[in-house]
Each structure stands twice: as C-alpha cells, then as structure tokens.
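Structure assessment
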Amino acid sequence: MDFREDPQDQAFRTQVRDFITKNWDDKGFDGHSMAVRSWDFDMQESRENDKEFVKKLVDKGWYTMTWPKEFGGGDYPISQQFIYKEELAYANAPNGSPQSNITGALMFHASDEVKDEFLPRMANGDIEWAQGFSEPNAGTDLASLQTRAVEDGDDFVITGQKIWSSGAHLADWYHVLVRTDPEAPKHRGITYLLVNLKDEEGTRPDGLTLRPLYDMMGRWRWCEVFMDGLRVPKKYVLGEVNRGWYAAMTTLNFERTGTEGPVRHIGILERFIDMLKEATFNGEPVLSDPMVRHKLADLRVTIEADRQLANRVAWMQARGDVPQHEGAISGYRNQVTAKLHFWPTLAKIIGDYGILNRGEGRAPHNGYYGAYNAISLSLGFGGGGGILLGPNIIAQRGLGLPR
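The sections below set out a description of the structure shown in this document. (Residues numbered from 1 in each chain as written. Predicted model: local features only at pLDDT ≥ 70, side-chain atom pairs only at ≥ 80, totals over all residues. Heavy atoms only, no water.)

**Some thoughts on the overall build of the protein chain**
Regarding its fold elements, the protein chain presents eleven helices and ten strands. Principal axes of the C-alpha set define a box for the protein chain whose edges measure 75 × 50 × 45 Å. Sorting the 403 residues of the protein chain into buried and exposed places 49% on the buried side. Taking as baseline every contact in the protein chain between residues at least 6 positions apart, the subset at least 24 positions apart corresponds to 70%. Surface accessibility of the protein chain: about 19400 Å² in total, with carbon and sulfur atoms responsible for 49%. (Helix = DSSP H or I, 4+ residues; strand = E, 2+ residues; numbered from the N terminus. Buried < 20%, exposed > 50% of the residue type's maximum accessible area, 1.4 Å probe, protein only. Contact = heavy atoms within 4.5 Å. Areas by Shrake-Rupley, 256 points an atom, 1.4 Å probe, with all protein chains shown as cover.)

**Some details on helix α8 (residues 290-318)**
Between its terminal C-alpha atoms α8 stretches 41 Å, which fits the 42 Å expected from 29 residues at 1.5 Å a residue. For α8, the full list of buried residues reads Val292, Leu296, Leu299, Thr302, Ile303, Asp306, Ala310, Asn311, Val313, Ala314 and Met316. Buried positions along α8 lie against α3 (78-90), α7 (261-276) and α9 (325-349). Among the residues of α8, the N-terminal cap falls to Asp289, whose side-chain oxygen and the backbone nitrogen of Met291 are separated by 2.9 Å. One or two residues past the end of α8 sits Gly320, with phi positive at roughly 90°. (Expected span 1.5 Å × (residues − 1). Polar contact = N/O pair within 3.5 Å; in protein donor to acceptor, adjacent residues only side chain to side chain.)

**Overview of the packing of aromatic side chains**
Inspection of the entire model under this criterion finds 21 aromatic pairs. The interplanar angle of 65° and the centroid separation of 4.9 Å between the aromatic rings of Tyr368 and Tyr372 together place this pair among those described as edge-to-face. Taken as a pair, Tyr368 and Tyr372 lie in helix α10 (residues 368-375) at a separation of four residues, close to a single helical turn. In this pair, the class of Tyr368 matches that of Tyr372, namely buried. Through a chain of ring-to-ring contacts, the aromatic side chains of Phe12, Phe19, Trp24, Phe53, Trp62, Tyr76 and Tyr84 assemble into a single cluster. Stacked on the ring of Phe41, the Lys or Arg Arg47 has its end atom at 5.1 Å from the ring centre. A cation sits over an aromatic face here: Lys60 above Trp62, 5.3 Å from the ring centre. (Phe/Tyr/Trp six-rings, centres within 6.5 Å; stacked < 30°, edge-to-face > 60°. Lys NZ or Arg CZ within 6 Å of the ring centre and 35° of its normal.)

**Some details on the pattern of salt bridges**
Here the structure, examined in full by the defined rule, presents 24 salt bridges. The partner of Arg231 in a salt bridge is Asp155, and the shortest N-O contact between them spans 3.0 Å. You can see Arg231 sitting in strand β7 (residues 220-233) and its partner Asp155 sitting in strand β3 (residues 155-166), a full 76 residues away along the chain. For Arg231, a relative accessible area of 43% puts it in the partly exposed group. A salt bridge links Lys277 to Asp274; its shortest N-O distance comes to 3.5 Å. A cluster of three or more residues bridged by salt bridges with shared partners is formed by Glu5, Arg13, Arg17, Glu86, Glu87 and Arg307. (Salt bridge = Lys/Arg side-chain N within 4 Å of Asp/Glu carboxyl O.)

**Examining helix α5 (residues 112-123)**
Look at α5: 16 Å from first C-alpha to last across twelve residues, which is about the 16 Å you get at 1.5 Å a residue. Along α5, the residues classified as buried are Val114, Lys115, Phe118, Leu119 and Met122. Down the axis of α5, the buried set is contained in an arc of 100°. They therefore lie on one face. Away from its buried face, by an angle of more than 90 degrees, α5 presents the exposed residues Asp112 and Asp116. One or two residues past the end of α5 sits Gly125, with phi positive at roughly 70°. (Arc of directions from axis to C-beta.)

Take a look at the structure:
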C-alpha cells in the first residue's frame, strides 16, 4: 500500500483547504462533531448555515464529486474524493455530498423515473432523507422487522412502527423496509420503499405520525414513526418486491466505513491543544504537565492508526476493489476510539471543567468537551450497531469464521 499523494493530489488538497477557509463559517454552531448526536443537529439556524455552504459546494461542482459520471458526478479520482472528504471533516464542516446511505441504493436499484425524480434534487442539495429500518423488536437483527405493507391497486398500504429514525422530523423523504410476504423466510419477503414525509407546505400525509425521542441533554435527534394505513405509490419501490433486503445491503455497505472520522478527530484535537496553550490550572500552564502531554501524544497515535485504516479503504477503492471487512474495521475503530478514548481523554485533561455542559460560561469552548463526553456514551448503539456488529462482520468476512 502506498498512501503518498502525487503532486496533483497535493495541489488539489491545497485548493480544497483554501476554498473551505474562505467559504465555511460555523457561526458558533456545531452540527458535525458527532453526526446525528452533534449538539446543534436539530437547530434550524445551524442547518440553514450548513445549506448556505452546501450551495457553494454545488456551485463549485464538488457536491456530487463522489457520484458516477453517468449520474452527473465529476470525473474525480478516488484519491481526490478522499482528500475532499478529509478536508471537510478536518474543518468540522458539512459532509459535502448527498446522503450516502440512500444515494447508492437509488442509483443501483431505482427505476429511471424515480432516479429522475430524486437524483437531480439531491445533487442540488434540495432534499433530505431519513432512514426507516430499525423497529422496537428489530434493531441489530434487522431482518426480524414486522412493519407490514399490503398491495392495494397502485399503492402499498403500510401499517407498523419504526424507531430511532434520525432526523425524521427534519427530513423530506423516508427510505423504509417493510414486510410484504409474512410467510417467507425473514430475509425474504421484505420490500424497500420510499415514503414522502411532508408536502411543500410541511403537511404530513394521512396515516403518518412522528413522535420525538430525546437524548440525555434534551435534544430532539430521533423519532418514533407510526404508520397506520399510510399509502405509498408502487413506483417508489427500490429494487424488486419481496427482495428489498438485497437493495438494503447496498445502503448498509455505504454506511459502515467511517473514513472521515479520524481526520475529524484530528481537527478537534488540534483546536483543543490550541486552547490548552493558553490554559492554566492553579497558575500553571496545563501543557507543562508531562502526563497531559503523554495522554495527548498517545491519543494522537491512536487517531493516526485509525486514519491509516481509513486510508487502506480509500486505497482499495482507488484500485477498484470492494472493501468489506476493511471498511468494517475502519468504522468499528472510529467508534471505539470516539467512545472509549477520544472524548473521555479530552474531558479528563481539563479536570472538573470536563463535567460542565454546553452553556456553562466557566467551561472551555462553552462546555463542548463535557457535553460530547457524555453524549459519546451512546456511540455504538445506533447506525447499525457498529461496535456491536463490527466484530462479527470482521470475523465472518475477514477471518472466515463461522456465524
């Protein structure tokens, strides 16, 4: 493996970094440090600020950089796509491309009519999606889902409940797995549907109810979604009826690599160290403590190892390979580092200030580190259960071990 950048890639990294410096201003919001768990994820002002930056990426021609050319994407090499994602993550800026957990499934499995309806709007940053996979009794064992859909004329009629739907109250459309053949084995008889969450006036369709799920800080991040006789036109099937599991695997494979995570951590860590350069405890500079310096160095080495695992994924993609267990390793390590090493270390280094929350004026960076250390406790229990499922994927697909 050779992760060195050639002169063309180095010049592109400088171009991207300069563009972000000139065009991205978080305005004091933080909607990206921990994906859906980020503090300002549900704040409208933060989201509007993100959209302004996304429009600049669209105008620059970079927003669909990672898309195939046949769907309007740029003809950028994988190495430059990776650089682009890294630089956005380092600056703690928006992701910089349409949501990957639905884009691939649409491109591979949607009809031409549905592609024409959604892909141009997504390419322009004009549509947001939520994912409707998990249910109260179908989380990591997703194939146990029981939400039913019955054919009725030109529609499917859905009845059931989804849970932990990230940002469903903020999204325009919902991609949902439903059971259409209850007699089939559990991995079969599942259909993948696209569901409209609201019209242009923001009105919910009949038969759809969203209820909030709050985190420990009182932030509305997830929803319970109840569907009772909700009608969905048949044209919004992804793939084949009763074979939605296979289309869903496309979605999950796009979710699990976590290649930008390590560089996002590097950016946060460097800004944390800049803060420490001016900080004192009892009149002594914080960085004069050799144990603090040792902890910071150890953390930086851990993050660099995670980054090299992410680099391996990008290197394989550039060669035309499909990283499976390699992507799972990268995503797994990123979550383990965030939950068990990164945020706890930052909070402990600042001592008692590390237990103060956002809005506390005495806390460094407005309580940023204490809040995220607390929120990080929930990492690994969502997004497909990365910490829970990652070792199984690695064992089965990487080591060839039995189930």
